[in-house]
Amino acid sequence: MKLPFSKMHGLGNDFMVLDGISQAIELTPAIIRRFASRQFGIGFNQLLLVEPPQQPDIDFKYRIFNADGSEVEQCGNGARCFAKFVRDKGLTIKSRIAVETRNGIIHLHVEPSGMVRVDMGVPILEPVKIPFKAEKQAVDYIIRDGEDSFEIGAVSMGNPHAIMLVDDINLFPVRQVGRRIEAHQDFPQRVNAGFLQVVHAKFAKLRVYERGVGETLACGTGACAAHVYGRLKGLLGPEAEIKLPGGSLHLSWAGEGANVYMTGPATHVFEGVIDL
Ligand SMILES: N[C@@H](CCC[C@H](N)C(=O)O)C(=O)O
């Protein structure tokens, strides 16, 4: 069976995007891992599968799979690429789109410039809902790993994030420490590990070691979670630019109880067909 797909990216966080509305698609973790391989497949960080909605007044459903085949709840860069995909494919002409994900509804706005603004919802800070093993909610937590301990913030944007402040993002061993935090026992569903260097109240740098992938060039939900943590620490203002290795996102968060808004680009790379 031949499967048409689009290859897209949001700031270098790259995706295979499949239209599951016009065609029936059966995916297994093994197939996803093969497609994700940069040597034996197409190569991507996440696979996005667009499907018809299951709820009234919602335009689409989309499912997100990491390169390791695991299905996840949310993806910020993926949401922007999803919006461009459904419009480019003629699946909608709307510029405001409501989409179901595994963890609720998110709202997207494709701006006249082509940039996509995503309402990512209210960040979750209660440890049990992240999920994160902690006695009570706090801004900072200490997690211990062998002889070492790490001071982190913990935030869910629908998917779990741990964020650590660092002095110099270019010098920090993101992969070594990220790998340990991603698999830490205090995060029973594993976690995305973000490393944040705040430059001033409106500008920060971030690198993310993503759950189920490894370090990526950008992570949208990671940028949202980092902005929330930076705000809770009193280091970032309500509007901030977060610069990732692949480029910058604009973040907006008014404070506890408010929704997080993320704005950034979505890029189409090529169309392809792969044999199942
Ligand atoms: N790259 C994404 C996040 C994708 C999911 C993540 N790896 C997880 O396991 O939660 C983004 O842009 O948000």
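Since we're looking at a predicted model, the values are computed, not measured.

**What to know about the site of the ligand**
Taken together, the neighbourhood of the ligand is formed by 20 residues, with Asn77, Asn159, Arg211, Gly220 and Thr221 sitting nearest. Secondary structure elements with two or more residues in the shell around the ligand: helix H2 (76–88) and helix H4 (220–232). Residue composition of the shell around the ligand, by class: four nonpolar, 14 polar and two charged.

**A look at the UniProt feature "binding site: substrate" (unreviewed entry) in the protein chain**
Following the UniProt record, the feature "binding site: substrate" (unreviewed entry) maps to Asn13, Gln46, Asn66, Gly76, Asn77, Asn159, Asn192, Glu210, Arg211, Gly220 and Thr221 here. If you trace the backbone, asparagine 66 turns up in strand E4 (residues 60–66). Residue asparagine 66 is classed as buried on the basis of its C-beta count, with 24 C-beta atoms lying within 10 Å. Leave out the neighbours within four places in its chain, and asparagine 66 touches Gln46, Val72, Arg211, Gly212 and Val213.

**Some remarks on the nonpolar core**
Counting 79 residues, the largest nonpolar core has Val17, Leu47, Leu48, Val50, Phe82 and Ala223 as the members making the most contacts within it. At seven residues, H4 tops the list of elements feeding residues into this core.

**A closer look at the UniProt feature "active site" (unreviewed entry) in the protein chain**
Within this numbering scheme, the UniProt entry marks Cys75 and Cys219 as carrying the feature "active site" (unreviewed entry). In terms of the greatest pairwise C-alpha distance, the residues named above, spread along 145 residues, form a tight cluster of at most 7.8 Å across. Within the secondary structure, cysteine 75 sits in the loop between strand E5 (71–72) and H2. Under the C-beta neighbour-count criterion, cysteine 75 is labelled buried, with 31 such atoms within 10 Å.

**So, the environment of valine 116**
Following the sequence through the fold, valine 116 ends up in strand E8 (residues 116–119). It is 7.7 Å that separates the C-alpha atoms of valine 116 and alanine 83, two residues lying 33 residues apart in sequence.

**Observations regarding unusual backbone geometry**
The peptide bond linking isoleucine 130 to proline 131 adopts the cis configuration, its omega dihedral lying at -10 degrees. Mapping proline 131 onto the fold places it in the loop between E8 and strand E9 (141–145). A positive phi angle, close to 65 degrees, is found at aspartate 57, a residue other than glycine. Unlike most non-glycine residues, arginine 190 shows phi in positive territory, near 60 degrees.

**Quick notes on H4**
For H4, with 13 residues, the first-to-last C-alpha span of 19 Å sits near the 18 Å given by 1.5 Å per residue. The element H4 is largely enclosed, with a buried count of 13 among its 13 residues. Glycine 234 lies just past H4 and shows a positive phi near 80 degrees.

**Quick look at the packing of H2 against H4**
Packing of H2 against H4 brings their axes to within 4 Å, and their N-to-C directions diverge by 130 degrees. Relative to H4, the element H2 lies oblique. Where H2 approaches H4, its residues Gly76, Asn77 and Ala79 are matched on the opposing element by Gly220, Thr221, Ala223 and Cys224.

About the cut-offs
Residues numbered from 1 in each chain as written. Predicted model: local features only at pLDDT ≥ 70, side-chain atom pairs only at ≥ 80, totals over all residues. Near = placed C-beta within 6 Å. Helix = DSSP H or I, 4+ residues; strand = E, 2+ residues; numbered from the N terminus. Nonpolar A, V, L, I, M, F, W, Y, C, P; charged D, E, K, R; others polar. UniProt positions renumbered as here; feature names shortened; annotations may be inferred. Buried ≥ 20, exposed ≤ 12 C-beta atoms within 10 Å, placed from the backbone. Contact = placed C-beta atoms within 7 Å. Core = buried A, V, L, I, M, F, W, Y, C linked by C-beta atoms within 7 Å. Expected span 1.5 Å × (residues − 1). Axes fitted to C-alpha atoms, helices over the stretch in contact; angles between N-to-C directions. Parallel < 35°, antiparallel > 145°, perpendicular 65-115°, else oblique.

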